[in-house]
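The chain contents come next:
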Amino acid sequence: MPATLWYMQVYKTKANRLQGTDFHEVRKKAFGIYTTIKKKSKRSPYVRSAYFNKEKIFLAIFWQHLWSKEKWQDRMRRLKYYAAAIELIQNSKFDPKSKDNPNKPGEILHRFTGITNDHYLFHVQIKIDKQSGRKDFISVFPDK
């Protein structure tokens, strides 16, 4: 069910944050969701996005981005929102905040905003390669 903050439209997910106090426990739950999605495809794992007219959003770059974070606390903070992020990508039709990537001019970054069922605000970032049109799920993180 969609929700609206005073300044933007926010997708309300049915998913809560992943529970756990240990990084390995949360990683196991999030990777289990990823593995389920991965088994449905013979190649690169993806989900289809309602906003992008059921086009594929590839998931592999998220895991590379996650492991580039130095602190395990930051990794765990992001992983807790993985289930909600997948649901948002699949179901949200709200317009994201979009801008050209300042580091790579050939990319566009889209930032979607969602709220979990247990009332935590988060953001999902998707990049689009301008030349190929490939869409990749890069990151999920809580609102500050």
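Chemist: Go over the pattern of salt bridges with me, naming the residues and quoting the values.
Modeler: The final tally for this structure, using the stated rule, is 6 salt bridges. Measuring nitrogen to oxygen at the nearest pair gives 3.3 Å for the salt bridge that ties Arg 78 to Asp 74. In this pair, Arg 78 and Asp 74 are both assigned in helix 3 (residues 72–79), 4 residues apart and thus about one turn of the helix distant. Residue Arg 78 shares its accessibility class with Asp 74, and that shared class is buried. Connected through salt bridges with shared partners, the residues Asp 74, Arg 77 and Arg 78 form a single ionic network.

Chemist: Account for unusual backbone geometry, naming residues and giving values.
Modeler: Positive phi is not limited to glycine here, since Asn 53 has a value of about 55°. Its location among the elements puts Asn 53 in the loop between strand 3 (46–49) and strand 4 (55–58). By relative accessible area, Asn 53 is classed as exposed at 66%. The phi dihedral of Lys 54 is positive, around 65°, even though this residue is not glycine. For Lys 54, a relative accessible area of 49% gives the class partly exposed.

Chemist: Give me the packing of helix 1 (residues 23–38) against helix 2 (residues 60–68): which residues, what numbers.
Modeler: Between helix 1 and helix 2, whose axes approach to 12 Å, the crossing angle comes to 165°. Judged on the interaxial angle alone, helix 2 and helix 1 are roughly antiparallel. The chirality of how helix 1 crosses helix 2 is left-handed. Contacts between helix 1 and helix 2 involve Phe 23, Arg 27, Ala 30, Phe 31 and Tyr 34 from the first element and Ala 60, Trp 63 and Trp 67 from the second.

Definitions and limits used
- Residues numbered from 1 in each chain as written.
- Predicted model: local features only at pLDDT ≥ 70, side-chain atom pairs only at ≥ 80, totals over all residues.
- Heavy atoms only, no water.
- Salt bridge = Lys/Arg side-chain N within 4 Å of Asp/Glu carboxyl O.
- Helix = DSSP H or I, 4+ residues; strand = E, 2+ residues; numbered from the N terminus.
- Buried < 20%, exposed > 50% of the residue type's maximum accessible area, 1.4 Å probe, protein only.
- Axes fitted to C-alpha atoms, helices over the stretch in contact; angles between N-to-C directions.
- Parallel < 35°, antiparallel > 145°, perpendicular 65-115°, else oblique.
- Left-handed = near helix turned anticlockwise from the far one by under 90°.
- Contact = heavy atoms within 4.5 Å.

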